[in-house]
Amino acid sequence: MMVPARLPVAPHPFRDELLTSWTARVAARYGAEPFELMVFLAGQAGRYAGARQIDDVVPDMGLLRLWAKACRIDPERLRRRSVAFRYPRPQGWLLTETVPVCLACFDADVAAGRDAYLRVNWRLAEQAVCPEHRTMLLDRCPACRSGLRLSFRMLNGLLRPFCHKCDAVLTSGGGETEDPLKADFAANVLEIQRQISGIVIGGPGRLDRLEHAIRTLWAPLDRDGAARPVLALWYDEPGWNCPYEARAAVGRLAPLQHLSVRWRALTLVILHDLFGADLVPGAVVPEAALVLFRRAAPLPWLTDGRDPRNGKGKRAVEAGAERVHRLSKRPVHRLNGNFLDERGNFGRIHP
């Protein structure tokens, strides 16, 4: 039986740090990626050979104990840093893929003389603005504009975040003056996301209505063959189609999980415009919301029953609605963002 390895140097996690951020910082101390160090540690322990890196939301306790022993940390301390422990909420309100970042937070880490790291609350689906610096989070590299994927490397004695694709160091550029319009927009979105957070942790009643409203906004339109979500009507632009970066959210049970930062922010703004300060449909639904909601395709989001025709657990979807749902997922042209069977419209609106 092999003895688990003990690393000679291993930084401890910060109080509000993601577990994957901490494992990345530990690996960076040895010039490795987290998966490479995980394979080494798993090979030493035997049982977890070839295991993937730790899950931020609900981590495997066996892997946590492996990392904890290698880094001389109490595994219970690591468990308390999981997203599920810190933010007990439905899974649909946690991001499962790219983690957006705040460049001002990274600069603050450097100014304080500590390693840069990823914050736990950046994985919350409603978070589009940094509460501390009141700036929009980023999910694209500001240098190469590709989807953000970080790697940590040493720079001037501290671990700094770099773009994994173009090797640009992620910084806000020395605190340049921000556009006042962008600052006002971020402040408004920040207030809305605080209200959304209160609804998410407040109880099932209002949360159910909030989730229904968001699903409806991102449902396909009822027009057969439509390549637009319901919220396209909010623009009042007949030729607007769902852009490439947002099409994965159309018809999903948890649309916010599949949206970029700016589209999540826009969704919150539309909710505020439709329902005011409550952000959820009440006993009386505003006329503007009714107009949008009546145009949603009748997809069975909330039913998981078996289809009586085949008994194989397939959702019972009407033929017309099934075609709308299928068309909403069609590939789009990489240049114009419209679906292939519809005419391109190069005058569409972007938030």
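Remember, predicted model here, so these are calculated numbers, not experimental data.

Conventions and cut-offs
- Residues numbered from 1 in each chain as written.
- Predicted model: local features only at pLDDT ≥ 70, side-chain atom pairs only at ≥ 80, totals over all residues.
- Heavy atoms only, no water.
- Helix = DSSP H or I, 4+ residues; strand = E, 2+ residues; numbered from the N terminus.
- Buried < 20%, exposed > 50% of the residue type's maximum accessible area, 1.4 Å probe, protein only.
- Contact = heavy atoms within 4.5 Å.
- Axes fitted to C-alpha atoms, helices over the stretch in contact; angles between N-to-C directions.
- Parallel < 35°, antiparallel > 145°, perpendicular 65-115°, else oblique.
- Left-handed = near helix turned anticlockwise from the far one by under 90°.
- Phe/Tyr/Trp six-rings, centres within 6.5 Å; stacked < 30°, edge-to-face > 60°.
- Lys NZ or Arg CZ within 6 Å of the ring centre and 35° of its normal.
- Pairing = 2+ DSSP bridges.
- pLDDT = per-residue confidence, 0-100.
- Expected span 1.5 Å × (residues − 1).
- Core = buried A, V, L, I, M, F, W, Y, C linked by side-chain atoms within 4.5 Å.

Student: Can you help me understand the overall build of the chain in this one?
Tutor: Scanning the chain for helices and strands turns up 12 helices and 2 strands. The helix and strand sequence of the chain, counted from the amino end, reads α-α-α-α-α-α-β-β-α-α-α-α-α-α. Looking at the 351 residues of the chain, the share that counts as buried comes to 46%. Sequence-distant contacts in the chain: of pairs separated by 6 or more residues, those separated by 24 or more amount to 62%.

Student: In this structure, what is going on with the packing of helix α8 (residues 204-217) against helix α10 (residues 261-275)? I would like to understand it.
Tutor: Each pair of packed helices can be summarised by the angle the axes make with each other and by the distance between the axes. Interhelical geometry of α8 versus α10 gives an angle of 110° and a closest axis separation of 11 Å. The pairing of α8 with α10 is recorded here as roughly perpendicular in orientation. The way α8 lies across α10 gives a crossing that is right-handed. Listed contacts from α10 to L210, A213, I214 and L217 of α8 are T267, I270, L271, L274 and F275.

Student: What exactly am I supposed to notice about helix α3 (residues 61-71) here?
Tutor: Because the α-helix completes a turn every 3.6 residues, residues three or four places apart line up on one side. For α3, the tally of buried residues reaches 8 of 11 residues, placing the bulk of the element in the interior. For α3, every residue scored as buried is listed here: G62, L63, L64, L66, W67, A68, A70 and C71. Where α3 terminates, the next one or two residues include R72, which has phi positive at roughly 60°.

Student: Even after reading the chapter, I still don't get the packing of aromatic side chains, so can you show me in this structure?
Tutor: How two aromatic rings sit relative to each other is set out by the distance from centre to centre and by the angle between their planes. Summed over the entire model, instances satisfying the criterion amount to 5 aromatic pairs. Pairing F275 with F293 gives two aromatic rings, centres 6.0 Å apart and planes at 65°, and the pair type is edge-to-face. One end of the pair, F275, is in helix α10; the other, F293, is in helix α11 (residues 287-293), and 18 residues separate them in sequence. On the basis of relative accessible area, F275 is assigned to the buried category, the value being 10%. Against the face of Y117 rests R119, its NZ or CZ located 3.9 Å from the ring centre.

Student: Would you mind showing me how to read the pairing of strand β1 (residues 150-155) here?
Tutor: Each regular strand carries side chains that alternate between the two faces of the sheet. With 6 bridges connecting them, β1 and strand β2 (residues 158-163) associate as antiparallel partners. Bridge pairing links M154 to L159 in β2. Connecting β1 to the next strand, β2, in antiparallel fashion are 2 residues, including N156 with a positive phi near 55°.

Student: What's the story with the confidence of the model for the chain in this structure? I'm lost.
Tutor: Low pLDDT marks stretches whose predicted atomic positions should not be read closely. For the chain, mean pLDDT is 80; residues scoring 70 or higher make up 77% of the total. Averaged pLDDT values over the elements of the chain bottom out at 50 in helix α12 (residues 319-328) and peak at 94 in helix α6 (residues 103-111). Low pLDDT, under 50, characterises residues 301-318; the stretch is placed with 26 contacts to residues that sit more than four places away or in other chains. Predicted confidence for residues 331-351 stays below pLDDT 50, and this span has 52 contacts to residues more than four positions away or in other chains.

Student: Is there a simple way to think about helix α7 (residues 180-202) in this case?
Tutor: End to end, α7 covers 33 Å across 23 residues, agreeing with the expected 33 Å (1.5 Å per residue, within 8%). Listed in full, the buried residues belonging to α7 are A186, V189, L190, I192, Q193, I196, S197, I199 and V200.

Student: What's the story with the nonpolar core in this structure? I'm lost.
Tutor: General note: in soluble globular proteins, nonpolar side chains tend to be found buried as a group. By size, the foremost hydrophobic cluster in this structure holds 72 residues, and its most contacted members are W218 and L271. Counting only elements with at least two residues in this core, the list comes to α1 (19-28), α6, β2, α7, α8, α9 (232-235), α10 and α11. With 10 residues, α10 is the largest single contributor of residues to this core. Excluding its chain neighbours within four sequence positions, the residues that come into contact with L271 are I196, L210, A213, I214, L217, G276 and L279. By size, the runner-up hydrophobic cluster in this structure holds 20 residues, among which are L37, M38, L41 and W67.

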